[in-house]
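Chain by chain, the residues run as shown.
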Amino acid sequence: MDPFALALDALFSAPGSKEVTYYSKDGPGRAGVRVILGQPDKAIGFGEQQIIEGTNVFEIRVSDVTMPAKGDIVVIGDATYKLLGEPMLDVEGLTWTIGGSSVA
């Protein structure tokens, strides 16, 4: 097996990863998908001031979701997130990175 895929499997099984239910806007939900949820702060310029905004960024294995799309839904426990923007594929073609917004 590819050493990058083996390392990725270990990373997605480690603390910090989450098991989610993934709902494609074009198909049924899929339980048991593993993601890594990052929540970096982003500084946004507003005139001469800066506003710090919290963001949500999901890393998803290609082996779990072949093509995530804007509008898909990720459910983690009681929290629901809607994916935003275009997914970006990593250099090795093993993971997607895509932003998301909490759905109230």
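Attention in this report is confined to the structure presented alongside it. What you see is a predicted model, and the numbers here were worked out from it, not measured in a lab. (Residues numbered from 1 in each chain as written. Predicted model: local features only at pLDDT ≥ 70, side-chain atom pairs only at ≥ 80, totals over all residues. Heavy atoms only, no water.)

1. Some thoughts on the overall build of the protein
Then step 1. For the protein, the count of helices and strands is one helix and eight strands.
Then step 2. A burial count over the protein gives 29% of its 104 residues as buried.
Then step 3. For the protein, contacts bridging at least 24 residues in sequence account for 44% of all contacts bridging at least 6. (Helix = DSSP H or I, 4+ residues; strand = E, 2+ residues; numbered from the N terminus. Buried < 20%, exposed > 50% of the residue type's maximum accessible area, 1.4 Å probe, protein only. Contact = heavy atoms within 4.5 Å.)

2. What about the sheet that holds strand S7 (residues 79-89)?
Then step 1. The strand order around the closed barrel formed by six strands is S1-S2-S5-S8-S7-S6, and the pairing between neighbours is antiparallel. When strand polarity is set aside, the average angle formed by the axes of neighbouring strands in this sheet is 45°. (Pairing = 2+ DSSP bridges. Axes fitted to C-alpha atoms, helices over the stretch in contact; angles between N-to-C directions.)

3. Remarks on helix H1 (residues 3-13)
Then step 1. Burial in H1 covers these residues: Ala5, Leu8 and Phe12. Buried residues along H1 cover an arc of 60° about the axis, so they all sit on one side. Exposed residues pointing more than 90 degrees away from the buried face of H1 are listed as Pro3 and Ser13.
Then step 2. Of the surrounding secondary structure, the elements contacted by the buried residues of H1 are strand S1 (17-23), strand S2 (29-38), strand S5 (56-61) and strand S8 (95-102). (Arc of directions from axis to C-beta.)

4. A closer look at the pattern of salt bridges
Then step 1. As enumerated under the stated definition, the model contains three salt bridges in all.
Then step 2. For arginine 61, the salt bridge identified is with aspartate 9, shortest N-O distance 3.0 Å. Of this pair, arginine 61 sits in strand S5 while aspartate 9 is found in helix H1, placing the two residues 52 residues apart along the sequence.
Then step 3. Put simply, arginine 34 and glutamate 19 hold a salt bridge, and the shortest N to O gap is 3.7 Å. With arginine 34 in strand S2 and glutamate 19 in strand S1, this pair connects stretches of sequence that are 15 residues apart.
Then step 4. For glutamate 19, a relative accessible area of 52% translates into the label exposed.
Then step 5. Linked through salt bridges whose partners overlap, the residues forming this network are Asp9, Arg61 and Asp64. (Salt bridge = Lys/Arg side-chain N within 4 Å of Asp/Glu carboxyl O.)

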